[in-house]
Amino acid sequence: MAETTTVTTVWTTDQVMALAPDSSAQRAARGLAGDRAWLETGLSAGEDIDPTLWGLCQGSGTTPYRTAVDLTEPAFKCTCPSRKFPCKHALGLLLRWSAGSVAEAVAPSWASSWQASRAARANRAAAAPPAEQPSPSGGTSGRAAPSEKAQARRADRISAGLEELDRWLADQARSGLAGTGRDGASWDTMTARLVDAQAASAAGILRRTGAVMGSPERLLGELARLHLLVGGYRRLADLPEDLAASVRMRVGVPIATETVLAGPAVRDRWQVHGVRDEIEDQLTVRRAWLRGAASARPLIILSFAVAGQSLPIDLLPGTELDADVCLYPGGRPERALIAKRHAPPERMHTVAGANGIEANLHAHAEALAGDPWLDYWPMALDAVCPVRDGNTWLLADADGNGLPLDPAVGEPWRLIAVTAGRFATVTGEWSAAGLRPLGVWSDDRLVRL
């Protein structure tokens, strides 16, 4: 369990609402934020319990629902029959806390027992064999790290799959890009072949090229990146270790959690600048963008869920957490695992690493030079404002520099409403399609977009 912790900072209403699974849960939570439904509430923190909100909420039955929220993760528990996670009672309790309506009190036995059972499960998980981490475009079996013989067999399968991919790429170049993608069966077959060869991340790159079929220039760039990846894998032994690690990651060679956590830990107050979910081949991928408050170091934390599973909701945009992280080898930006949390998350008071457009583009160029297969890059843009140039929306600075917004964003009305024509600090995700704003700093808080 955590060390003794005093909870001095609460979350904003927006941060609580960001946890809600849908708009109906938000409406129901607001209805439970008053005093009428709650028979008892409290906030407990001490040597024997993580900072925990708890309450008894009277529902339609005679027995009140027992609701608890571990503020460190956060994690949730409620005896109500709702299948939504978190439920309206947990959200309502958090709203009461955010409004200052929950006083410190000793946790009842049922809340203490819940935390004790969570601690026991965490200890068992720590003692269990390591599980492989899924790649951004595919999953793993969850087994322990493979033996050297198994790794050699996998390397042979990957090599064979990539050699076949290279021949397929040469065929596309010979036939001309105008016809590329018309033979959907050939495209799907090659993608499936890479998955069979256990090169799932390479398969994901190929799959995503379907989104740029209408742009020959971007299509050529994506196919060239795949050709470069094949060449890099052939020459793994000749590459610098950091670049070789990037090649392995982009191909889809998994790494066990235990291996990552065995590496050196990096401690900072990690700010959550934005979170984005994306569907990749029936797998939901969540990208959480973190930046060190002291170091300004950008990190990405990836989470995955198959259909029917929920994603973790432990990283709230606009908060920062004092934590140790361990880094995966290779790749830009660095992918991380949270190894240890030293305190519950607190509100951000500044935006770490905020800089001008030119400085952000320079940082992206440096990252791209070290990892040519980089797809997304986090940006913290200082003193920018949304403007329209014809049919294109841009984030522009006072010097006239501008970054185009990703057309998939649509009309950025929420960003326009918050900035109201003024320059502001905006966090976002930069890709070949443009910038996708994820948050804007306003009134000393990060407003999620």
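Details of the structure are given in the entry above.
Residues numbered from 1 in each chain as written. Predicted model: local features only at pLDDT ≥ 70, side-chain atom pairs only at ≥ 80, totals over all residues. Heavy atoms only, no water.

**Points about the overall build of the protein**
Step number 1: Helix and strand content of the protein: twelve helices and 16 strands.
Step number 2: Looking at the protein as a whole, 49% of its 449 residues are labelled buried.
Step number 3: Excluding contacts between residues fewer than 6 apart, the proportion of contacts in the protein whose partners are at least 24 apart in sequence is 63%.
Step number 4: Counting every atom, the protein has about 21200 Å² of accessible surface; 51% of that belongs to carbon and sulfur. (Helix = DSSP H or I, 4+ residues; strand = E, 2+ residues; numbered from the N terminus. Buried < 20%, exposed > 50% of the residue type's maximum accessible area, 1.4 Å probe, protein only. Contact = heavy atoms within 4.5 Å. Areas by Shrake-Rupley, 256 points an atom, 1.4 Å probe, with all protein chains shown as cover.)

**Observations regarding empty space enclosed by the protein**
Step number 1: Under the counting rule described, the total for this entry stands at four cavities of 30 Å³ or more.
Step number 2: Empty space within the second largest cavity amounts to approximately 50 Å³.
Step number 3: Taken together, His-273, Trp-289, Leu-290, Arg-291, Pro-378, Met-379, Thr-427, Gly-428 and Leu-438 make up the full set of residues lining the second largest cavity.
Step number 4: If you tally residues by element for the lining of the second largest cavity, the top one is strand β6 (residues 283–292), at three residues. (1 Å grid on protein atoms, 1.4 Å probe; cavity = no way out; pocket = protein on both sides within 12 Å on 5 of 7 lines; lining within 4 Å. Points joined across faces, edges and corners; volume = space filled by probe spheres on them.)

**Examining the sheet that holds strand β11 (residues 377–389)**
Step number 1: On the basis of which strands lie adjacent, the open sheet formed by six strands has the order β13-β12-β11-β14-β15-β16 and antiparallel pairing. Since the sheet does not close on itself, it has two edges, and those belong to β13 (402–404) and β16 (445–448), each with one partner. Neighbouring strand axes in the sheet, compared pairwise and without regard to direction, differ in orientation by 50 degrees on average.
Step number 2: Bridge analysis of strand β12 (residues 392–396) against β13 gives three bridges, and the strand direction is antiparallel. Following the sheet pairing, Leu-395 is matched in β13 by Leu-403.
Step number 3: Against the sheet, helix α11 (residues 357–370) contacts β11, β12, β13 and β14 (424–431), and its axis sits at roughly 135 degrees relative to β11. (Pairing = 2+ DSSP bridges. Axes fitted to C-alpha atoms, helices over the stretch in contact; angles between N-to-C directions.)

**Some thoughts on the layout of surface pockets**
Step number 1: As a volume, the second largest pocket reaches approximately 570 Å³.
Step number 2: In this structure, the second largest pocket is lined by 23 residues; those nearest its centre are Arg-218, Tyr-376, Ser-431, Ala-432 and Ala-433.
Step number 3: Residues that form the lining of the second largest pocket fall into these classes: ten nonpolar, three polar and ten charged. (Nonpolar A, V, L, I, M, F, W, Y, C, P; charged D, E, K, R; others polar.)

**Notes on the pattern of salt bridges**
Step number 1: Enumeration over the complete set of coordinates arrives at 25 salt bridges.
Step number 2: Taking the shortest distance from any N to any O, the salt bridge between Glu-429 and Arg-276 comes out at 2.6 Å. Residue Glu-429 is located in strand β14, and its partner Arg-276 is located in strand β5 (residues 265–280); the two are separated by 153 residues in the primary sequence. The pair Glu-429 / Arg-276 is uniform in exposure class, with both members buried. (Salt bridge = Lys/Arg side-chain N within 4 Å of Asp/Glu carboxyl O.)

**Considerations on the packing of helix α7 (residues 200–208) against helix α9 (residues 241–251)**
Step number 1: Across the interface, α7 lies against α9 with an axial gap of 5 Å and an inter-helix angle of 70 degrees. Viewed along their axes, α7 and α9 adopt a mutual orientation that is roughly perpendicular. Where α7 approaches α9, its residues Ala-200, Ser-201, Ala-202 and Ile-205 are matched on the opposing element by Met-249, Arg-250 and Val-251.
Step number 2: The residue inventory of the contact of α7 with α9, partitioned by class, reads five nonpolar, one polar and one charged. (Parallel < 35°, antiparallel > 145°, perpendicular 65-115°, else oblique.)

**Remarks on α9**
Step number 1: Listing the buried residues of α9 in full gives Ala-244, Ala-245, Ser-246, Val-247, Met-249, Arg-250 and Val-251.
Step number 2: At the C-terminal side of α9, Gly-252 shows a positive phi close to 120 degrees.

**Digging into the nonpolar core**
Step number 1: Formed by 29 residues in total, the largest nonpolar core has its most connected members in Trp-11, Leu-19, Leu-53, Val-69, Leu-71, Leu-94 and Trp-97.
Step number 2: Mapped by element, the contributors of at least two residues to this core are α1 (13–17), α2 (23–31), β1 (38–46), β2 (49–57), β3 (65–70), β4 (75–78) and α3 (88–98).
Step number 3: Looking at which element gives the most residues to this core, the answer is α3, with six residues.
Step number 4: Judged by nonpolar contacts, the second largest core, of 26 residues, contains Ile-158, Trp-187, Leu-219 and Val-230. (Core = buried A, V, L, I, M, F, W, Y, C linked by side-chain atoms within 4.5 Å.)

**Some remarks on unusual backbone geometry**
Step number 1: Residues Phe-85 and Pro-86 are joined by a peptide bond in cis, for which omega reads -5 degrees.
Step number 2: Relative to the assigned elements, Pro-86 resides in the loop between β4 and α3.
Step number 3: A positive phi angle is found at Ala-420, which is not glycine, with a value near 50 degrees.
Step number 4: Mapping Ala-420 onto the fold places it in the loop between α12 (413–419) and β14.
Step number 5: Relative accessible area serves as the criterion here: at 48%, Ala-420 is assigned to the partly exposed category.
Step number 6: For Asp-443, which is not a glycine, the phi torsion comes out positive at approximately 55 degrees.
Step number 7: Position of Asp-443 among the secondary structure elements: in the loop between β15 (434–442) and β16.

**Focus on the side chain of Thr-319**
Step number 1: Tracing the backbone through its elements, the reader meets Thr-319 in strand β8 (residues 319–327).
Step number 2: Side-chain polar atoms of Thr-319 contact the backbone oxygen of Leu-316, separated by 2.6 Å. (Polar contact = N/O pair within 3.5 Å; in protein donor to acceptor, adjacent residues only side chain to side chain.)

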